[in-house]
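# Examining the three-dimensional arrangement
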Amino acid sequence: MDQKLLKESIQKLGDDFPNLPWNFRPDPSGGRNAAISQWLGEEKEEVMACLFKGKKIHEEFHRQDFFFINFAYQGDYQALSARFDNEITLKEGDCYIGQPYNGYALRGCSDDDIIIAGILIRKDVFFSEYLAPLTSEPEMLHFFLEPRIDRFSDEFIRLRIGWDDAIWDLLDMMIVEYAHKQEDTQKVMKALAFSMLMLLARKYSSTECKRSEGSLLDRILYYMERHLDSVTLSDLSSEFGYHPNYISSVLHKKSGSTFSQMLLKLRMQRAVLMMKHTELPIEQIADIVGYHNPSNFYKAFRTFYGVSPRNYLERV
């Protein structure tokens, strides 16, 4: 990365930050005190970068109609969170992932410049193009789907990103690309955002302590949830170091289900979650949960729920 070009790009986006369309509007749903921030980029844009650079920031508490990933690029800052009704400190190198409508405000004061770099993604584009590759991480899937279930969800993800992590390289590339837009900039930004989300999902998975806690059954189920599309009894045997017959006996004794029954249940639950809260076609959902032949998915769904996917959706 050309450091001079990167420095110029940071300055440009920092200069542009106060002039973004901070069109905070009253909450149209009523009963909420926060204002709503609409999309900050151009109408045709689906992914954008924005960047605050300065010694003091004190935003109005607001909600926003998009997904955002904020990085403490230089210095520390505070994020006012609606859910916890307090300020959390983001240390230099931290990442804060927020949902659409997430209550939020940036606060910071320092003798030196604070730099907060943000990647913003339109929520409709996120659900249609970015969600499917993240389905192997159950907690992240629920985090990203929560705004579809509860509009006023105030969950967030906070991650510590090591300075040698490739995520910072991707962020630098996005800052430079967006600061010096070209005809194909949106294509480049979307590809980089996809890569960033995949690396963040990997980071989240590696720091998620739940995967190494709990009983053997809990850990087996967690592994199965993260590998629904391909997991086999042999995979579980290799992962946990037990004979397949022992894995089968643990599942049956503790849950009352065989491996095949449990896998079917987990796949159907995941499928229904995505059917209800995304616009992904059923055939794509079938592939995500491990049915590469859609007819097999329809058959399995009817076996489990007693109706076709379409009839199931009409009933809920």
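This part is about the confidence of the model for the chain. With 89% of its residues at a pLDDT of 70 or more, the chain shows a mean pLDDT of 86. Across residues 149-153 the pLDDT falls below 50, and counting only partners more than four positions away or on other chains, this stretch makes 15 contacts in the model.

A few words on the pattern of salt bridges. Tallying each qualifying case throughout the model produces 11 salt bridges. Between Lys55 and Asp113 there is a salt bridge, and its shortest N-O distance comes to 3.4 Å. Of this pair, Lys55 sits in strand β3 (residues 47-58) while Asp113 sits in strand β9 (residues 104-122), and the two are 58 residues apart along the sequence. Between Glu129 and Lys190 there is a salt bridge, with its nearest N and O atoms 3.0 Å apart. With Glu129 in helix α2 (residues 123-130) and Lys190 in helix α5 (residues 185-207), this residue pair connects regions lying 61 residues apart in the sequence. The partly exposed category is assigned to Glu129, whose relative accessible area is 39%.

Under the definition given, this model contains 21 aromatic pairs. With 6.1 Å between their ring centres and 85° between their planes, Phe126 and Phe127 make a pair best called edge-to-face. The buried category is assigned to Phe127, whose relative accessible area is 3%. An aromatic cluster of at least three residues, connected via ring pairs, comprises Tyr291, Phe297, Tyr298, Phe301, Phe304, Tyr305 and Tyr312. Residue placement shows Arg267 over the ring face of Tyr291; its charged tip is 5.1 Å from the ring centre.

This part is about the nonpolar core. Formed by 70 residues in total, the largest nonpolar core has its most connected members in Tyr77, Phe126, Phe144 and Met196. Ignoring any residue separated from it by four or fewer positions in sequence, one finds Tyr77 in contact with Asn70, Phe71, Ala72, Ile88, Thr89, Leu90, Tyr96, Tyr104, Leu106, Arg107, Ile114 and Ile116. Within the second largest apolar cluster, 18 residues are counted, among which are Ala132, Ile282, Ala286 and Phe301.

This part covers the packing of helix α1 (residues 3-16) against helix α4 (residues 166-179). In contact at an axis separation of 9 Å, α1 and α4 are set at 65° when each is read in the N-to-C sense. Note that α1 runs across α4; the crossing there is left-handed. Seen from α1, the contacting residues are Leu5, Leu6, Ser9, Ile10, Lys12 and Leu13; seen from α4, they are Asp172, Ile175, Val176, Tyr178 and Ala179.

Take the side chain of Glu59 next. Looking at the element boundaries, Glu59 is found in the loop between β3 and β4 (62-64). Although buried, Glu59 forms no salt bridge, and the nearest oppositely charged side chain, Arg107, lies 6.9 Å from it. For Glu59, the residues in contact, after removing those within four places along its chain, are Phe17, Trp22, Ala105, Leu106 and Arg107.

Rules and cut-offs
Residues numbered from 1 in each chain as written. Predicted model: local features only at pLDDT ≥ 70, side-chain atom pairs only at ≥ 80, totals over all residues. Heavy atoms only, no water. pLDDT = per-residue confidence, 0-100. Contact = heavy atoms within 4.5 Å. Salt bridge = Lys/Arg side-chain N within 4 Å of Asp/Glu carboxyl O. Helix = DSSP H or I, 4+ residues; strand = E, 2+ residues; numbered from the N terminus. Buried < 20%, exposed > 50% of the residue type's maximum accessible area, 1.4 Å probe, protein only. Phe/Tyr/Trp six-rings, centres within 6.5 Å; stacked < 30°, edge-to-face > 60°. Lys NZ or Arg CZ within 6 Å of the ring centre and 35° of its normal. Core = buried A, V, L, I, M, F, W, Y, C linked by side-chain atoms within 4.5 Å. Axes fitted to C-alpha atoms, helices over the stretch in contact; angles between N-to-C directions. Left-handed = near helix turned anticlockwise from the far one by under 90°. Lys, Arg positive; Asp, Glu negative; His and termini not counted.

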